[in-house]
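So you can see what is in the structure, the chains are spelled out below.
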Amino acid sequence: MNNDARMANPAVVIPEAMPAILAVAKAARKGGVPESTLELVHLRASQVNGCSYCVIGGVAGAKKNGESDERLHAVAAWREAPYFTDAERAALELAEHVTRLADRAVVPDEVWDAAAAHYDEKQLASLVLWISLTNFFNRINATTRQPGGATW
């Protein structure tokens, strides 16, 4: 396996992009969704997309913020694992559907409604922005083959 990036991260190559990206991340974090939930959906979307950079970084960040190894190890099998609340499960399901739009074309109403049962409009906006931003990061990192564990 080649651990060499194809190029430097595009947000570093075009530094004017970084403030905008960071501003979206900062705004999404202000939507009232628990940080632990944002970390879980980031990790799950990154797993689905096969982005080693974001999976490794997501686990490290979540652990730094107190997330348990049990829960982090179980994110890939969250449906069968007993460690997640109903609200987290709804967020993880939403993350998978948003991440896999090409597989389904839309997020089904039942998935949206399950998330809406746990999160208000501002929180849903936060989740959608966060999941979308994660997919944005995943696509940049996977395309340019940013190695997991690397730093910008």
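Look a little higher up for the structure.
The structure presented is a predicted model; accordingly, all values stated were derived computationally and were not measured.

Trainee: Summarise the overall build of the protein; cite the residues concerned and give the values.
Mentor: When you go through the protein residue by residue, the secondary structure sums to nine helices and zero strands. Start at the N end of the protein and walk to the C end: the helices and strands fall as α-α-α-α-α-α-α-α-α. Its C-alpha atoms give the protein a radius of gyration of 15 Å, near enough to 15 Å, the size a compact globule of 152 residues would have. Counting only C-alpha atoms and orienting by the principal axes, one finds that the protein spans roughly 40 × 30 × 30 Å. Within the protein, contacts between residues separated by at least 24 positions form 67% of all contacts whose residues are at least 6 apart in sequence. When the accessible area of the protein is evaluated, it comes to approximately 8200 Å², of which 58% is carbon and sulfur surface. Put simply, the protein has 15 plus and 18 minus side-chain charges, and the middle of one group is 7 Å from the middle of the other.

Trainee: Outline unusual backbone geometry, supporting the account with residue identities and numerical values.
Mentor: Look at R145: it is not a glycine, yet its phi comes out positive at around 55°. Among the structural elements, R145 can be located in the segment after α9 (121-143). Exposure remark for R145: the relative accessible area of 42% places this residue in the partly exposed category.

Trainee: Talk me through the environment of A81; I want residue IDs and the actual numbers.
Mentor: Tracing the backbone through its elements, the reader meets A81 in the loop between α5 (69-74) and α6 (86-99). Between the alpha carbons of A81 and R71 there is a distance of 8.4 Å; along the sequence they are ten residues apart. Residues contacting A81, with those up to four places away along its chain left out, are A74 and R89.

Trainee: An account of helix α4 (residues 52-64) is requested, with residue identities and associated values reported.
Mentor: With 13 residues, α4 extends 18 Å between its outermost C-alpha atoms, agreeing within 8% with the 18 Å of an ideal straight helix rising 1.5 Å per residue. Every buried residue of α4 is listed here: Y53, C54, G58 and A62. Summarising the axial view, the buried residues of α4 lie within an arc of 140°, below the 170-degree limit, and thus occupy one face. Where α4 is buried, its residues contact α3 (35-49), α5 and α9. Following α4 by one or two positions, G66 has its phi on the positive side, about 95°.

Trainee: How would you explain the nonpolar core if you had to name every residue and give the values?
Mentor: V41, F84, L92, L94, L127 and I131 are the most contacted members of the largest nonpolar core, which has 35 residues in total. Breaking this core down by element, the ones donating at least two residues are α2 (17-28), α3, α4, α5, α6, α8 (109-116) and α9. Here F84 is in contact with L40, R71, A74, V75, W78, R89 and L92, once residues within four sequence places are set aside.

Trainee: Help me get a handle on the packing of α3 against α6, residues and values and all.
Mentor: Between α3 and α6, whose axes approach to 9 Å, the crossing angle comes to 35°. Handedness of the α3/α6 crossing: right-handed. Each of S36, T37, L40, V41, R44, A45, V48 and N49 in α3 lies in contact with α6, whose residues at this interface are E88, A91, L92, A95, E96 and T99. Split by residue class, the contact of α3 with α6 holds seven nonpolar, four polar and three charged.

Trainee: Please give an account of the layout of surface pockets that cites residues and values.
Mentor: For the largest pocket, the calculated volume is near 480 Å³. Along the walls of the largest pocket sit 21 residues, with R29, H42, G57, G58 and F137 positioned nearest its centre. Taken together, the elements giving at least two residues each to the lining of the largest pocket come down to α2, α3, α4 and α9. Of all the elements, α4 adds the most residues to the lining of the largest pocket, at six residues. Taken together, the residues of the lining of the largest pocket sort by class into eleven nonpolar, eight polar and two charged.

Conventions adopted
- Residues numbered from 1 in each chain as written.
- Predicted model: local features only at pLDDT ≥ 70, side-chain atom pairs only at ≥ 80, totals over all residues.
- Heavy atoms only, no water.
- Helix = DSSP H or I, 4+ residues; strand = E, 2+ residues; numbered from the N terminus.
- Rg over C-alpha atoms; globule rule 2.2 N^0.38 Å.
- Contact = heavy atoms within 4.5 Å.
- Areas by Shrake-Rupley, 256 points an atom, 1.4 Å probe, with all protein chains shown as cover.
- Lys, Arg positive; Asp, Glu negative; His and termini not counted.
- Charge placed at Lys NZ, Arg CZ, Asp CG, Glu CD.
- Buried < 20%, exposed > 50% of the residue type's maximum accessible area, 1.4 Å probe, protein only.
- Expected span 1.5 Å × (residues − 1).
- Arc of directions from axis to C-beta.
- Core = buried A, V, L, I, M, F, W, Y, C linked by side-chain atoms within 4.5 Å.
- Axes fitted to C-alpha atoms, helices over the stretch in contact; angles between N-to-C directions.
- Left-handed = near helix turned anticlockwise from the far one by under 90°.
- Nonpolar A, V, L, I, M, F, W, Y, C, P; charged D, E, K, R; others polar.
- 1 Å grid on protein atoms, 1.4 Å probe; cavity = no way out; pocket = protein on both sides within 12 Å on 5 of 7 lines; lining within 4 Å.
- Points joined across faces, edges and corners; volume = space filled by probe spheres on them.

Honestly, it's all geometry; don't read function into it.
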